[in-house]
There are 2 protein chains.
Amino acid sequence: MIKLAIDAMGGDFAPEQIVKGINIAIKKHSDLELVLYGKPEEIKKYLTLNDRITIVDSPRVIDMGEHNPISEVRNNRDSSLVMAFRAVREKLVDGVVTAGPTQCVIAAAHVHIGRIKGMKRCALCPTLPTFKEGGTLMLDVGANTDIKPEHIAQYTQYANFYAQEVKGIKNPKIYLLNIGTEEGKGRELEQQTYELLKRLPINFCGNVESKEILTTDADIIVTDGFTGNVAMKAFEGTAKGMGALLKKEIKSSLGGMIGYLFMRKNLKRFQDHFSADKVGGATLFGVDGTVIKAHGSSNADAFSNAITLAYKAVKGDVVNKMKEFIENHPFEEVSNG
Amino acid sequence: MIKLAIDAMGGDFAPEQIVKGINIAIKKHSDLELVLYGKPEEIKKYLTLNDRITIVDSPRVIDMGEHNPISEVRNNRDSSLVMAFRAVREKLVDGVVTAGPTQCVIAAAHVHIGRIKGMKRCALCPTLPTFKEGGTLMLDVGANTDIKPEHIAQYTQYANFYAQEVKGIKNPKIYLLNIGTEEGKGRELEQQTYELLKRLPINFCGNVESKEILTTDADIIVTDGFTGNVAMKAFEGTAKGMGALLKKEIKSSLGGMIGYLFMRKNLKRFQDHFSADKVGGATLFGVDGTVIKAHGSSNADAFSNAITLAYKAVKGDVVNKMKEFIENHPFEEVSNG
């Protein structure tokens, strides 16, 4: 049995869409057990009863507009988010899924679960909806802004295991995000990271520029958390903004409206390509347990896909594979940064 | 008279499109004089004779695929690019326009013109085709990858003069690129830069995230050269890739093709919005003279617009305004970075 904790109250459309997502996921995986944290009376409104689901009463909900995530997760031990995370620490479950605020997820992972022994930094890893079948993993996108080459190398290794086990990619193509493709490009951080990645037992393919972000053949793109956050949001914001511009242009004339009737299926496919629902969520690498952060705006399908990500990560034993790797490759400081 | 040097041989479609762009620009501005550097017999094939245009024979052309730009511009003093840049240093002209390779432009600016006295770094500043009327200036996008807050503050001031004089914006809205909008977000670099920008005599509006890159009301977005390069290329690459995806989707069915006939004007406008031709080029801030880097793939219209940028920058006396500012606000080291 795979056992996961679910924060039933986190997210813009919680608990309704979260619980409906749970109903879908529990049917999909016959060896899945879920422990739901939240307000029982609200959860039950939407829940299809199932003997593999239990509810634990959690009186509070973490505020979405939190300004100090660390104190928020320290002071709200009776919140659905914190209780779900503590279930991981107490080994009651193998992982946790939440659509709560990103910074609270990162804080709760550090405060209430803790990193894998020997793992120096965590990394948040979403899947970008690139043209590559199944999308492209990118990390870190914001868990760490000031970082050393060794940290990037370490979480790259984690991403390599994750892509293999969760996405079923045999020899994931890994690239370093940089401002040119030749070796030696970028800051000292990129130059030193490049050297370290060359030495890892992974399929390192060199540098990739952000202009290739949609069309790259990369399974995994690695970078520091600041750069990754900027690149990911530029990608998402541009895709979203262009969709809006296209809609405006089409609606601006009768010809456009008539044309739309003929090509609405084509435009729907175009739009669907960039939908976040299919992907499910981002994974937080480095904590001692599986942590999936679903989109705040998750609907039932998106949340059910986030649960499937956690299910596959646990089933693929990703955390233990990384632990074993760290035991055989202890962290070494090599940079002078 | 405004006098500019033109590298007639730089760019993918040189000299034909470059010279055709010159023909357009010289008609547009009656007080403009141009000195063309290149191979006279090739230039004359496309040039409409004009007594405000002179040609200087430059036997060599800088290689587009150069790998060591510094040595390239040091060793090729008889190239059209270097000779055009040296004309600025020798005060024969007020500025230079080239569609040559970016790294050579930056190198030639440093080696053959030199920075304004007291200006610590240069910055490359293109206009992004955002939804904002006239687009948004972004800098630095690659002239400097390792940088201090004081450097960003200094070239922000330059951008402020530039936006006023060249784009005619009265009180340009200036934002710092960051991974969150609240003050205190980002790395030490952003936190310290934020403090410095608050104290400048500019209209500093706080942080902007890259997800707002298309829809922002910013006239100017400032950041370090590494982050700016990643953000700009993610923006450009996504816009371009989405255009290609849309085309593919439309062509994939008969309905799409019929629909296209009705809305081709709408789609053309959509496409045109992201065309680089209108913008003309990027400006290199910080050197003692006006330097415009046109797109490598510039056609005649794009290159003529790049000449207009240089014309306006010289007419607006941007370089001297910055010199005066530096005299009254000498550079101070304030960061501990």
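Residues numbered from 1 in each chain as written. Chains lettered and ligands numbered in written order. Predicted model: local features only at pLDDT ≥ 70, side-chain atom pairs only at ≥ 80, totals over all residues. Heavy atoms only, no water.

## Side note on the relation of the copies chain B and chain A
At step 1: Superposing chain B onto chain A takes a rotation of 180 degrees combined with a translation of 0.0 Å along the rotation axis, leaving an RMSD of 0.0 Å. Read as a symmetry element, the transformation amounts to a two-fold axis. Measuring from the rotation axis to each C-alpha of chain B, the shortest distance belongs to B:Gly259, at 1.9 Å.
At step 2: By residue overlap, the copies meet face to face through one surface: 100% of the interface positions of chain B are interface positions in chain A. (Least-squares fit on C-alpha atoms with pLDDT ≥ 70 in both. Contact = heavy atoms within 4.5 Å.)

## Re the interface of chain B and chain A
At step 1: Counting from both sides, the interface comprises 50 residues of chain B and, opposite them, 50 residues of chain A.
At step 2: Between chain B and chain A, the buried area comes to about 4500 Å², and carbon and sulfur atoms account for 72% of it.
At step 3: Of all residues in chain B, the largest losses of buried area upon contact with chain A belong to B:Ile179, B:Phe226 and B:Met242, amounting jointly to 16% of the total for that side.
At step 4: Summed over the shared surface of chain B and chain A, the result is two salt bridges.
At step 5: Where A:Glu209 meets B:Lys233, a salt bridge forms, and the shortest distance between an N and an O atom there is 2.2 Å.
At step 6: Across the chain B-chain A interface, the total number found is eight residue pairs in polar contact (both at pLDDT 80 or more).
At step 7: Going through the elements one at a time, α7 (188-199), α8 (225-251) and α9 (254-273) of chain B are the ones with two or more residues in the side of chain B that touches chain A.
At step 8: Split into classes, the residues belonging to the side of chain B that touches chain A amount to 22 nonpolar, 18 polar and 10 charged. (Buried area = accessible area lost by both parts, 1.4 Å probe. Salt bridge = Lys/Arg side-chain N within 4 Å of Asp/Glu carboxyl O. Polar contact = N/O pair within 3.5 Å; in protein donor to acceptor, adjacent residues only side chain to side chain. Helix = DSSP H or I, 4+ residues; strand = E, 2+ residues; numbered from the N terminus. Nonpolar A, V, L, I, M, F, W, Y, C, P; charged D, E, K, R; others polar.)

## Some words on the nonpolar core
At step 1: In this structure, A:Phe85, A:Met138, A:Leu284, B:Phe85, B:Met138 and B:Leu284 are the most contacted members of the largest nonpolar core, which totals 102 residues.
At step 2: What A:Leu284 contacts, discounting residues up to four positions off in sequence, is A:Val105, A:Ile106, A:Ala109, A:Cys122, A:Ala123, A:Leu124, A:Ala143 and A:Val291. (Core = buried A, V, L, I, M, F, W, Y, C linked by side-chain atoms within 4.5 Å. Buried < 20%, exposed > 50% of the residue type's maximum accessible area, 1.4 Å probe, protein only.)

## Focus: helix α6 (residues 149-167) of chain A
Residues and elements named next belong to chain A.
At step 1: The first and last C-alpha atoms of α6 sit 26 Å apart over 19 residues, in line with the 27 Å expected at 1.5 Å per residue.
At step 2: Among the 19 residues in α6, 16 count as buried, and that is most of the element.
At step 3: Positive backbone phi, approximately 65 degrees, marks Gly168, located one or two places after α6. (Expected span 1.5 Å × (residues − 1).)

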